[in-house]
Amino acid sequence: MTAESTTHRLADGTSLPLVGFGTYPLRGEEGVAAMVSALQAGYRYLDTAVNYENEAEVGEALRRSGLPREQVTVATKVPGRDHERERALESLRGSAARLGVEQIDVALIHWPNPGRGLYPQAWQALVEAQREGLVRTIGVSNFTEDHLTRVIEETGVTPALNQVEMHPLFPQERMRAVHARLGILTQAWSPLGKRQAPFDAEPVLAAARAHDVTPGQVILRWHLELGSMPLPKSATPHRQRENLEVTGFRLTAEEVAAVSALGRADGRLFGGDPDTHEEM
Ligand SMILES: NC(=O)c1ccc[n+]([C@@H]2O[C@H](COP(=O)([O-])OP(=O)(O)OC[C@H]3O[C@@H](n4cnc5c(N)ncnc54)[C@H](OP(=O)(O)O)[C@@H]3O)[C@@H](O)[C@H]2O)c1
């Protein structure tokens, strides 16, 4: 067995932690407390979005944690209503102000909204924002191969990562192959499967027994074995810690394949097909 990398390496030269922290729908004082607890547990990557309406809370948690700014990576997302170039740039400036940071570490386009057809403009804005130093790493979310191809062709700049729905019921085999070909990191939203998490599925339980870990840890480990960066959300301190403790064991190729075999063509949680789902 080869030694495992302790980070995800991006094509733009930066590195991200193996596991990030999802902040939706953490809001208000309770939300800040949950995020501070996550940072204390060891998370060093916070995933937010304009549409989560909690960027101010993320900034507050960052400051309250007392951690040096450069030790925590903060990611946010431009919403569908702001894809026009100028509006996208304004959205990024607003995010930086709400987060209370000079530079946004990672900025993504939240959904492509292909019905409006303006996502290439949003990508152009991210490319410019990166050149100006407002954003360090630029990527996308919920992009298909066609959407990726279009923005790469139009700007010559490849997104460093694509955050997509990925969990055992929807393992994203095809998009992972596309990402591997293009040098894009697969980042996973709803990595456990949220309300439909297959904690009781036999392949998950069998691996949990074999490695003396929890079903949640098996699923997050499965992501790492496939090269994906999971963003589990938990407001519960003991689950926050549990979800980070996934580096002390490895799944076998058979265990990975058995968990992947839980995947179904209709395994999306709410039918969020990026070709048709519109989110403003
Ligand atoms: N880009 C996008 O379009 C998009 C879409 C959806 C989500 N996201 C991002 O992805 C993040 C995570 O997604 P998600 O919250 O939908 O799904 P998730 O992380 O798969 O599931 C979260 C749920 O699982 C519970 N949980 C967490 N760890 C657990 C464990 N070890 N054992 C049992 N239950 C556990 C949590 O409960 P407790 O909190 O009570 O512990 C919560 O109810 C979001 O916060 C957001 O940042 C992005």
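Residues numbered from 1 in each chain as written. Predicted model: local features only at pLDDT ≥ 70, side-chain atom pairs only at ≥ 80, totals over all residues. Heavy atoms only, no water.

The name given to the chain in an unreviewed UniProt entry is Aldo/keto reductase, and the organism recorded there is Phycicoccus endophyticus.

## Comments concerning the UniProt feature "domain: NADP-dependent oxidoreductase" (unreviewed entry) in the chain
Quick reminder of the rule: UniProt positions are given in the numbering used here, feature names are shortened, and annotations may be inferred rather than shown by experiment. Comment: elements are numbered from the N terminus, with helices defined as DSSP H or I runs of at least four residues and strands as E runs of at least two.
Residues given the UniProt feature "domain: NADP-dependent oxidoreductase" (unreviewed entry) here are residues 21-262. As a span, residues 21-262 carries 46% helix and 15% strand, and end to end its C-alpha atoms are 24 Å apart.

## A word on the site of the ligand
Note the cut-off: Being near a molecule or strand, for a residue, means having at least one of its heavy atoms within 4 Å of it. Under this definition, polar contacts are N or O atom pairs within 3.5 Å; protein pairs additionally need one hydrogen-donor-capable and one acceptor-capable atom, and for neighbouring residues in sequence, both atoms have to be side-chain atoms. For the accessible areas, the method is Shrake-Rupley and the probe is 1.4 Å, while residue cover comes only from the protein chains on display.
Lining the immediate environment of the ligand, one finds 27 residues, of which D47, S190, K233, S234 and T236 sit closest. Within the side chain of W111, a nitrogen or oxygen atom sits 3.5 Å from an oxygen atom of the ligand. In the environment of the ligand, an oxygen atom lies 2.7 Å from a nitrogen or oxygen atom belonging to the side chain of S190. In the complex, the protein chains occlude 86% of the 910 Å² of accessible area that the ligand would expose alone.

## With respect to the pattern of salt bridges
Put simply, the rule reads: Each reported salt bridge corresponds to a side-chain nitrogen of Lys or Arg within 4 Å of a carboxyl oxygen of Asp or Glu. Categorising residues by exposure relies on relative accessible area from a 1.4 Å probe, with only protein chains included: less than 20% of the type maximum marks a residue as buried, more than 50% marks it as exposed, and the intermediate range marks it as partly exposed.
A complete count under the given rule lists 21 salt bridges for this structure. In this structure, R63 and E60 form a salt bridge, with 3.7 Å as the shortest nitrogen-oxygen distance. Of the two residues, R63 and E60 both sit in helix α2 (residues 55-65), three residues apart, roughly one turn of that helix. Overall, the relative accessible area of 28% leaves E60 in the partly exposed class. One salt bridge in this structure joins R264 and D266, with 3.2 Å as the shortest N-O distance. With a relative accessible area of 41%, R264 lands in the partly exposed category. Through salt bridges with shared partners, one network takes in R85, E86, E90, R93 and E128.

## A closer look at the nonpolar core
Nonpolar side chains tend to gather and get buried jointly when the protein is soluble and globular. The criterion, for reference: Within this scheme, the nonpolar core is defined by two criteria: the residues are buried Ala, Val, Leu, Ile, Met, Phe, Trp, Tyr or Cys, and they are joined through side-chain atoms within 4.5 Å.
By size, the foremost hydrophobic cluster in this structure holds 65 residues, and its most contacted members are L92, W123, L126, V135 and V218. At seven residues, the largest contribution of residues to this core is made by helix α4 (residues 119-132). A75, L108, A160 and L185 belong to the second largest nonpolar core, which has eleven residues in total.

## Concerning a positive patch on the surface
Heads up, the condition is: Patch criteria: residues need more than 30% relative accessible area and no salt bridge. Like-charged residues are merged within 9 Å; nonpolar side chains of Val, Leu, Ile, Met, Phe, Trp and Tyr are merged within 5 Å. All tallies of charge rest on Lys and Arg as positive and Asp and Glu as negative; His and the ends of each chain are not included. Just so you know, the charge point we use is NZ for Lys, CZ for Arg, CG for Asp and CD for Glu.
A surface patch of like charges, here positive, comprises K194, R195, K233 and R239. Inspection of the secondary structure assignment puts K233 in the loop between β10 (228-230) and α9 (237-244). K233 gets classed as partly exposed once you look at its relative accessible area, which sits at 37%.

## Here we look at the UniProt feature "binding site: substrate" (unreviewed entry) in the chain
To keep things clear, this is the line we draw: Should any heavy atoms of two residues lie within 4.5 Å, those residues are counted as being in contact.
Taken from the UniProt record, the annotation "binding site: substrate" (unreviewed entry) applies to H110. Here H110 is in contact with A49, N51, Y52, K77, V78, P79, S141, N142 and E279, once residues within four sequence places are set aside.

## As for the sheet that holds strand β3 (residues 21-22)
The condition is simple: Only strands joined by at least two bridges in the DSSP assignment are considered to pair.
Across the sheet, eight strands lie side by side as β3-β4-β5-β6-β7-β8-β9-β10; this open sheet has parallel pairing. Each end of this open sheet is capped by a strand with a single partner; those strands are β3 and β10.

## Section: the side chain of H8
Here H8 is to be found in strand β1 (residues 7-9). A polar side-chain atom of H8 sits 2.9 Å from the main-chain carbonyl oxygen of L18. Those residues in contact with H8 that lie beyond four places of it in its chain are T14, S15, L16, P17, L18, L185, L224, G227, S228 and M229.

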